[in-house]
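Descriptive analysis of the structure
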Amino acid sequence: MNITGAFYALFAFAVFASHDAVIKYLGVSYSPFQMIFFSTLFSFPLVTFMLMRDKTSDHLRPVHPWWTLLRTACATTNAMCAFYAFTVLPLAQVYAILFATPLLITILSIPVLGERVGPHRWGAVVVGLIGVFVVLRPGATEFTLGHLAALTCAFVGGLASIIVRKVGREERTVVLMLYPMVANFVIMGALMIFAYKPMPIDDLGGIGALSLLGFTGGVFLIIAYKASEAAIVAPMQYSQI
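Below you will find a few notes about this structure. (Residues numbered from 1 in each chain as written. Predicted model: local features only at pLDDT ≥ 70, side-chain atom pairs only at ≥ 80, totals over all residues. Heavy atoms only, no water.)

Here we take up the overall build of the chain. Across its full length, the chain holds ten helices and zero strands. When the helices and strands of the chain are read in sequence order from the N terminus, they spell out α-α-α-α-α-α-α-α-α-α. Expected size for 241 residues packed as a compact globule is a radius of gyration near 18 Å; at 17 Å, the chain falls within 12% of this value. Reported as C-alpha extents along the three principal axes, the dimensions of the chain are approximately 55 × 50 × 25 Å. Counting every position in the chain, which comprises 241 residues, the buried fraction comes to 51%. Considering only contacts within the chain whose residues lie at least 6 apart along the sequence, 91% involve residues at least 24 apart. Positive and negative charge centroids in the chain, built from 14 and 10 side chains respectively, lie 5 Å apart. (Helix = DSSP H or I, 4+ residues; strand = E, 2+ residues; numbered from the N terminus. Rg over C-alpha atoms; globule rule 2.2 N^0.38 Å. Buried < 20%, exposed > 50% of the residue type's maximum accessible area, 1.4 Å probe, protein only. Contact = heavy atoms within 4.5 Å. Lys, Arg positive; Asp, Glu negative; His and termini not counted. Charge placed at Lys NZ, Arg CZ, Asp CG, Glu CD.)

Attention shifts here to the packing of helix 8 (residues 173-192) against helix 9 (residues 201-227). Two numbers describe how helix 8 lies on helix 9: the axes approach to 10 Å, and their chain directions differ by 135°. Classified by the angle their axes make, helix 8 and helix 9 are oblique. When the axes of helix 8 and helix 9 are compared, the crossing they make is right-handed. Between helix 8 and helix 9, the contacting residues are T173, L176, M177 and M181 on the first element and F215, G218, V219, I222 and K226 on the second. Grouping the amino acids of the contact of helix 8 with helix 9 by side-chain chemistry returns six nonpolar, two polar and one charged. (Axes fitted to C-alpha atoms, helices over the stretch in contact; angles between N-to-C directions. Parallel < 35°, antiparallel > 145°, perpendicular 65-115°, else oblique. Left-handed = near helix turned anticlockwise from the far one by under 90°. Nonpolar A, V, L, I, M, F, W, Y, C, P; charged D, E, K, R; others polar.)

Our focus in this paragraph is the side chain of H147. Tracing the backbone through its elements, the reader meets H147 in helix 7 (residues 145-167). Side-chain polar atoms of H147 contact the side chain of T144, separated by 2.8 Å. (Polar contact = N/O pair within 3.5 Å; in protein donor to acceptor, adjacent residues only side chain to side chain.)

What follows concerns empty space enclosed by the protein. Evaluated as defined, the whole model comprises one cavity of 30 Å³ or more. A volume near 980 Å³ is recorded for the largest cavity. Lining the largest cavity are 43 residues; nearest its centre among them are F16, A75, N78, G214 and G218. Partitioning the lining of the largest cavity into residue classes produces 27 nonpolar, 14 polar and two charged. (1 Å grid on protein atoms, 1.4 Å probe; cavity = no way out; pocket = protein on both sides within 12 Å on 5 of 7 lines; lining within 4 Å. Points joined across faces, edges and corners; volume = space filled by probe spheres on them.)

Per the stated rule, a full pass over the model turns up zero disulfides. Its sulfur unpaired, C81 is 6.5 Å from the next cysteine sulfur, which belongs to C153. For C81, a relative accessible area of 12% gives the class buried. Taking relative accessible area as the criterion, C153 reaches 6% and is therefore assigned buried. (Disulfide = S-S within 2.5 Å.)

Let's shift gears to the packing of aromatic side chains. Taken as a whole and assessed by the stated rule, the structure comprises nine aromatic pairs. With 5.6 Å between their ring centres and 70° between their planes, F86 and Y95 make a pair best called edge-to-face. Take F86: its relative accessible area is 1%, and that puts it in the buried class. By relative accessible area, which is 11% here, Y95 ends up buried. Pairwise contacts between aromatic rings join F37, F38, F44, F185 and Y196 into one cluster. Looking at K197, its charged tip hangs above the ring of Y30, at a distance of 5.7 Å from the centre. (Phe/Tyr/Trp six-rings, centres within 6.5 Å; stacked < 30°, edge-to-face > 60°. Lys NZ or Arg CZ within 6 Å of the ring centre and 35° of its normal.)

And the structure:
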């Protein structure tokens with residue numbers, strides 16, 4: 001059993017915690033579409049540097065186009081829902097809902113990946129899920145569109161992670177990063193037109209930080225799922241508590 005991926009995941013989720021805090025800060029002034037568009041735009045130079053360092057003599061066409069298309073759709077939906085949820089809900093509530101993701105990944109890893117999930121891993125997931133209910137207090141909190149966005153984020157994020165584990169050994173990391181970025185750039189650019197606001201230099205700096213953190217976290221999470229089973233990597237998300 002290779003647990004190396006757990007350490008990569010711990011780092012990735014620590015980076016994403018800072019990333020989400022920046023979303024919360026900028027979300028007061030800007031729409032999710034605008035934040036995603038510009039953070040994606042600022043990420044293209046990072047992909048370029050990745051390609052320059054990549055010694056693989058190969059093209060950028062995916063080995064598994066349909067799985068890549070599904071992951072791209074999931075990643076795009078995930079970004080839009082996450083940015084919206086972090087903008088309109090307290091951080092603690094969003095994280096509590098997103099902590100359902102490891103449970104979904106553990107469940108999906110059985111039929112999609114054929115992985116075996118032992119009692120101790122199920123136990124870790126169940127304990128985390130109990131924490132979700134403690135924070136959310138079902139019945140005491142009014143269910144809003146933000147909560148629905150967070151739930152959608154948990155589901156599509158889990159599915160995207162499962163796909164990385166399934167095809168990650170054969171797909172280049174740059175391919176897994178690039179296709180969702182292109183989709184975000186096109187789709188969010190079109191949607192941003194209706195909610196665009198000029199950004200001062202300080203906020204552009206925040207977008208730059210958002211881009212760097214999101215790109216770094218995404219790369220390390222892909223590496224984590226390539227290195228270890230999904231049921232090992234997924235519970236590391238609870239470290240964001």
